[in-house]
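Summary of the model geometry
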Amino acid sequence: MKSFKKFSIALVTVDPFRIGTSKDVMSAFDNPVAMIGGKVVVQGPTLKGFLRNRLEEYLIDTYGGNDLMKPCIPSSENTLSADEKILIKDGKYKPNGACHYSSEDARKRVSPICPVCYFLGANGLNGFVRVPYLYTESRPDELYSVRADRAKDAVVDRTNRNYQIMADHTVFNGILEVLTDNSLNGWKLGQKRKIQDSDRLDSWLNERSVKYSKKFMELTYDELIAEFIINLLNGENVMGGFKSKGCGKVNITVTIIKK
Ligand SMILES: [Zn+2]
């Protein structure tokens, strides 16, 4: 049996807001917003990417210098950019790119999973947090951006680009789920997951990280979820596209759903 804690997420746009998608042949717009079943959405992967970013920053700011607490850069080792390699060299991120797990590794030596991937999942291994799609009933507005001909001081023909955008005060909703217990494989949130007799996998939950911070394994589910998920989502932040055009400020409120 699996047990979850559930949280309702309300995302309210403070600025105009846009999460675009590539042009759809059925759409009249060059730059449509992402929609599913006729509703505008913040896709799960977008929200998850946002949370991943927040969690990386939090770990670096709070536990920086502690090797066990370093987040990974979620791309494969041979695609790391020069700038990313500097971040690793500076000791902000763990080396070798994204965390991953396969049963092949287990037969040799399990490589540790970083705290971010512990919660959000790594390649080949689920995490504890299920990030939802957020939906709104509101409809997008349609706008045009035009390019002026600098010489003639007139709008250039055929350069009009129409795009869809969500107004401020649009409300998106969804339900976030955090796994706390799985009696089938023995997983418990905040405890090491034993895989094939190795307990190297979640080494950030080692006694060794205690001297730098606190005993994570002794925190309650609510304390863990607050520190590593909810506090990082709550409040004002910036998300989506057109940020340089004054878009993207949002206010997120996460509330526990009592059973
Ligand atoms: Zn990782």
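See the structure above.
Small disclaimer: the values here were computed from a predicted structure and weren't measured.

Description of the packing of aromatic side chains
Evaluated as defined, the whole model comprises 14 aromatic pairs. Note on Y118 and F119: the rings are 5.3 Å apart at their centroids and 85 degrees apart in plane angle, and the pair reads as edge-to-face. With a relative accessible area of 0%, Y118 lands in the buried category. Arranged with centres 5.0 Å apart and planes meeting at 25 degrees, the rings of F119 and F228 form a pair that is stacked. Of the two residues, F119 sits in helix α4 (residues 115-120) while F228 sits in helix α5 (residues 221-233), which places them 109 residues apart along the sequence.

Focus: the nonpolar core
Counting 56 residues, the largest nonpolar core has F119, L176, F228, I229, M239 and I252 as the members making the most contacts within it. Put simply, the parts of the chain that give this core at least two residues each are β1 (2-13), β3 (39-42), α1 (44-63), α4, β10 (171-182), α5 and β13 (249-256). With 7 residues, α5 is the largest single contributor of residues to this core. For F119, the contacting residues outside a window of four places in its chain are G127, F128, V129, L189, W204, L224, F228 and I229. Counting residues in hydrophobic clusters, the runner-up holds 5 residues, among them I60, I73, I88 and Y93.

Some details on the pattern of salt bridges
Between side chains of opposite charge, a pair can form when the charged atoms approach closely. For the structure on display, the rule yields 8 salt bridges. Measuring nitrogen to oxygen at the nearest pair gives 3.3 Å for the salt bridge that ties R54 to E57. With a gap of 3 residues between them, R54 and E57 both fall in helix α1, about one helical turn apart. Across the pair R193 and D202 runs a salt bridge whose closest N-O atoms are separated by 2.8 Å. When sorted by exposure, R193 lands in the same class as D202, which is buried. Connected through shared salt-bridge partners, K6, R130 and E177 make up one network.

Rules used in this analysis
- Residues numbered from 1 in each chain as written.
- Predicted model: local features only at pLDDT ≥ 70, side-chain atom pairs only at ≥ 80, totals over all residues.
- Heavy atoms only, no water.
- Phe/Tyr/Trp six-rings, centres within 6.5 Å; stacked < 30°, edge-to-face > 60°.
- Buried < 20%, exposed > 50% of the residue type's maximum accessible area, 1.4 Å probe, protein only.
- Helix = DSSP H or I, 4+ residues; strand = E, 2+ residues; numbered from the N terminus.
- Core = buried A, V, L, I, M, F, W, Y, C linked by side-chain atoms within 4.5 Å.
- Contact = heavy atoms within 4.5 Å.
- Salt bridge = Lys/Arg side-chain N within 4 Å of Asp/Glu carboxyl O.

Nothing here speaks to function; it is all geometry.
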